[in-house]
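# Coordinates in review
One letter stands for each residue in the lines below.
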Amino acid sequence: MTLLASFAHEDTAVGAAAALREKGVEDFELFSPIPLHHADAAVGLGKSPVRVFTLAGALLGAVGGFALCVWTATRFLLPTAGRPIIALPPYLLITYETTILLGVLATLLGFFVVGRLPAWKDRAYRPASNVDRFVIAVAGASAGQAEEILRASGAESIERENAS
Amino acid sequence: MSSVLRKQMFDHGPPSYAEVNRDVINALTTTTWRYWLTLGISASVALLFFIAPWIYQIIVGVGAAGMNRNAMWGTYLSNFIFWIGLSHSGTLLSAVLHITQSDWRKSIYRSAEAMTLFSLMTAALFVMVHVGRLWFVHWTFPVPNPMELWPNFRSPLMFDVMAILTYLTASSVFIYMGSLPDFAAVRDASKGLRRRIYAVLCFGWRGTAQEWHTLGWSYTFFAVLVIPLAVSVHSIVSWDFAMSTVPGLHQTIFAPYFVCGAIYSGTAGIVTVMWMLRRYMGFGRYIGKLHIDNLSKLLLVLSLIWTYINICELFTAWYADTSFENEAILYRIWEGPFWWLWWEMIAFCAFVPLLLFSRRIRQNWNLMLVISIVINIGMLTERFVIVASSLPRKFLPDVFGTYFPSLVEISITVGSFAVFTTLFLLFVKIFPAVSIYEVKETLAPLRKREASA
């Protein structure tokens, strides 16, 4: 069973989320139509692990791009006008581009992994939370205890939904 | 965000949260016969003026274009630079203004990014047109040939391929990720097939705190990665020219010159697109005086930088006083067949924008439309002048020649604008052209305490 509480105001919704955490209810989600940056603490979010993906991807891109240039240039030596086979300035440009390319792709991967998307299945959701409502969904055993807290925090309406 | 700025952003008063959803999704789902007519016309023009001459050129060979032994590069390459340049402003405007937290960007950035993406695609098309034998275009990619010889990574053309592929990837990711919550909003507001399509497109977005948090972080990383990328892309395009030894092209100022010109013409392009969105998509409520005023100020600054770099270019040539450079410059601005285009470019891109010192002109949408188009005509000719006045005049008189675009080239140039328009028209019916959630962020927050206070 899932409990869905709807709020008209972001501060009451964030307050409710904080109250839930205070009472030891961790298994809930807060839906909002806009990012609520000040709510991160209330729902227990700190620095996002996406940054690890970005860094790893960028480093891999840097090493990989440079390695690509060096490796391909040494497969078949083509000396031109006495210029170095492994030429730093042009290879660093390629490295620069591949750093960004893999940085972007890894960030994308990080987004999907950390944000747990894509998720093409039915999950607790109220479309109003993408318009002008703030919704808190509490799942599982703590739903009974949560109802009191949510009502006390000023929920507009509370619905129950049996998980499919 | 301050309430003063909030007031300035919306000429007719700020909408409510629900109205933002309704307005933006309506623009997406309600399609009038005018839209279909415009789409039909622009697609036909693209077919007739771009695709048809291209097929003709593929059949008879690249000799259908006016390029020849002295001038290996022509209009295709200058158009390629133009379209790449046009793409710059979208990303830079969006990413830089995101990093600096300039909130006025929020109602215009989505379309600006779309402009980036589609002008990049148009530019990529020009590479394919330019190479002639389209079926060998994979020779430009970093893959070995059957004899296991790899392309030369010391060549600026190779930098170019890497830069543009990266830019195309990054700007697609950037616009798509920024649109996820809005795809979800369209999904919620529609039924049937459209609902199912958007349910897939939005990856099952629900707007949980976790999702917003992750999107916020990722988006900032994208922005941080995309800014140096955009700067590098046009610098690298400029090195296609500057790293040759051709007089008139072999100049260290080319990278900043190209980057500045790119942002300049891109910003003018954004003004044109915004005018269209206001006029034909009904976004007048979201794109107002503040936006046009800020964009125009940006245009003014860029035009001054652009003028300065042009003066530098002439000055360095004069100061170095080498005969080749002197002749190249003289050929470009006075003796060559395209001298009048050089003066046109100076008039359009250096003098016309001086009008923007006046606030009344800056805030006049129709006048700004004209000015923005004039600037882009100037920028298109700037690129043409660079290519057409240098390559036919290398060091020795026996390689001197002239270049004049053939009918096929002129037609493909005209057609490319239709290709871009067609792509953009498709965009406004697939993507919410104004970011729903970011416009909401600029509205007064739905807070109980503030409301009662």
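Residues numbered from 1 in each chain as written. Chains lettered and ligands numbered in written order. Predicted model: local features only at pLDDT ≥ 70, side-chain atom pairs only at ≥ 80, totals over all residues.

The subject of this paragraph is the overall build of chain A. Helix and strand counts for chain A stand at four helices and four strands. Written out in order from the N terminus, the α and β elements of chain A read β-α-β-α-α-β-α-β. With the C-alpha coordinates of chain A rotated into their principal frame, the extents come out at 80 × 30 × 30 Å. Per-residue burial over chain A gives 44% buried out of 164 residues. Within chain A, contacts between residues at least 6 apart in sequence are counted, and of these 81% link residues at least 24 apart. (Helix = DSSP H or I, 4+ residues; strand = E, 2+ residues; numbered from the N terminus. Buried ≥ 20, exposed ≤ 12 C-beta atoms within 10 Å, placed from the backbone. Contact = placed C-beta atoms within 7 Å.)

This paragraph deals with the overall build of chain B. A tally of helices and strands in chain B yields 17 helices and zero strands. Judged by the C-alpha coordinates and their principal axes, chain B covers about 80 × 55 × 40 Å. Taking all 453 residues of chain B together, the buried fraction comes to 49%. Of the contacts made within chain B by residues no fewer than 6 positions apart, 81% connect residues no fewer than 24 positions apart.

Residues and elements named next belong to chain A. Burial along strand S2 (residues 28-31) is two-sided: the face carrying Phe28 and Leu30 and the face carrying Glu29 and Phe31 are both buried. Of the strand pairs in this sheet, S2 and strand S3 (residues 134-139) are connected by four bridges, and their pairing is antiparallel. The partner of Phe28 across the bridge, within S3, is Val138. (Pairing = 2+ DSSP bridges.)

The next point concerns the interface of chain A and chain B. Contacts between chain A and chain B engage 57 residues on the former and 53 residues on the latter. Among the elements of the structure, helix H1 (10-22), S2, helix H2 (50-75) and helix H3 (88-114) of chain A are those that each provide at least two residues to the side of chain A that touches chain B. When residues in the side of chain A that touches chain B are grouped by element, the largest group, 16 residues, is from H3 of chain A. In the side of chain A that touches chain B, the residues fall into 34 nonpolar, 13 polar and ten charged. (Nonpolar A, V, L, I, M, F, W, Y, C, P; charged D, E, K, R; others polar.)

Let us look at the sheet that holds S2 of chain A. All names here are of chain A. Taken in spatial order, the four strands of this open sheet run S2-S3-S1-S4, and their pairing is antiparallel. With partners counted over all chains shown, the strands left at the sheet margins are S2 and strand S4 (157-161), one partner each. Geometrically, the sheet is characterised by an average inter-axis angle of 20 degrees between neighbouring strands, direction not taken into account. The pairing of strand S1 (residues 2-7) with S3 spans six bridges and is antiparallel. The residue bridging Thr2 from the neighbouring strand is Ala139, located in S3. (Axes fitted to C-alpha atoms, helices over the stretch in contact; angles between N-to-C directions.)

Looking now at the environment of Leu39 of chain B. All names here are of chain B. Summarising the element assignment, Leu39 is placed in helix H3 (residues 33-60). Judged by the 16 C-beta atoms lying within 10 Å of it, Leu39 falls in the partly exposed class. A C-alpha to C-alpha distance of 9.6 Å links Leu39 and Phe424, two positions 385 residues apart in sequence. With residues up to four places along the chain from it excluded, the contact list for Leu39 reads Thr422 and Leu425.

Judged by nonpolar contacts, the single largest core of 177 residues is most densely connected at Ala16, Ala17 and Ile136 of chain A. Here this core gets 17 residues from one element, more than from any other, and that element is helix H8 (residues 209-242) of chain B. Counting the residues that make up this core, at least three belong to each of domain 1 (2-47 + 121-161) and domain 2 (50-114) of chain A. Aside from chain neighbours lying at most four places away, what touches Ile136 of chain A is Ala5, Ala13, Ala16, Ala17, Phe28, Leu30 and Leu150 of chain A. (Core = buried A, V, L, I, M, F, W, Y, C linked by C-beta atoms within 7 Å. Domains from an automatic or database assignment.)

Turning next to the packing of helix H9 (residues 254-281) of chain B against helix H10 (residues 289-320) of chain B. Residue and element names in this part refer to chain B. The contact between H9 and H10 brings their axes to 9 Å, and the two run at 155 degrees. As far as their axial angle goes, H10 and H9 are roughly antiparallel. Crossing of H9 against H10: the hand is left-handed. Counted together, Pro256, Tyr257, Cys260, Gly261, Ile263, Tyr264, Thr267, Ala268, Ile270, Val271 and Met274 of H9 and His291, Leu295, Leu298, Leu299, Leu302, Ser303, Ile305, Trp306 and Ile309 of H10 form the full contact between these two elements. (Parallel < 35°, antiparallel > 145°, perpendicular 65-115°, else oblique. Left-handed = near helix turned anticlockwise from the far one by under 90°.)

Another point: the domain arrangement of chain A. A common way to express how large an interface is: the accessible area buried when the components associate. Taken domain by domain, chain A consists of domain 1 (2-47 + 121-161) and domain 2 (50-114). Inter-centroid distance (C-alpha atoms) of domain 1 of chain A to domain 2 of chain A is 44 Å.

Further remarks concern unusual backbone geometry. All names here are of chain A. With an omega of -10 degrees, the peptide bond between Leu117 and Pro118 qualifies as cis. With respect to the helices, strands and loops of the structure, Pro118 is situated in the loop between H3 and S3. Not every positive phi belongs to a glycine, and Ala81 is a case in point at roughly 50 degrees. Mapped onto the secondary structure, Ala81 falls in the loop between H2 and H3.

What follows concerns the confidence of the model for chain A. Summing up the model confidence of chain A, the mean pLDDT is 88 and the portion of residues at 70 or higher is 99%. Confidence scores differ between elements of chain A, with helix H4 (residues 143-152) of chain A showing the lowest mean pLDDT of 81 and H3 of chain A the highest of 95. (pLDDT = per-residue confidence, 0-100.)

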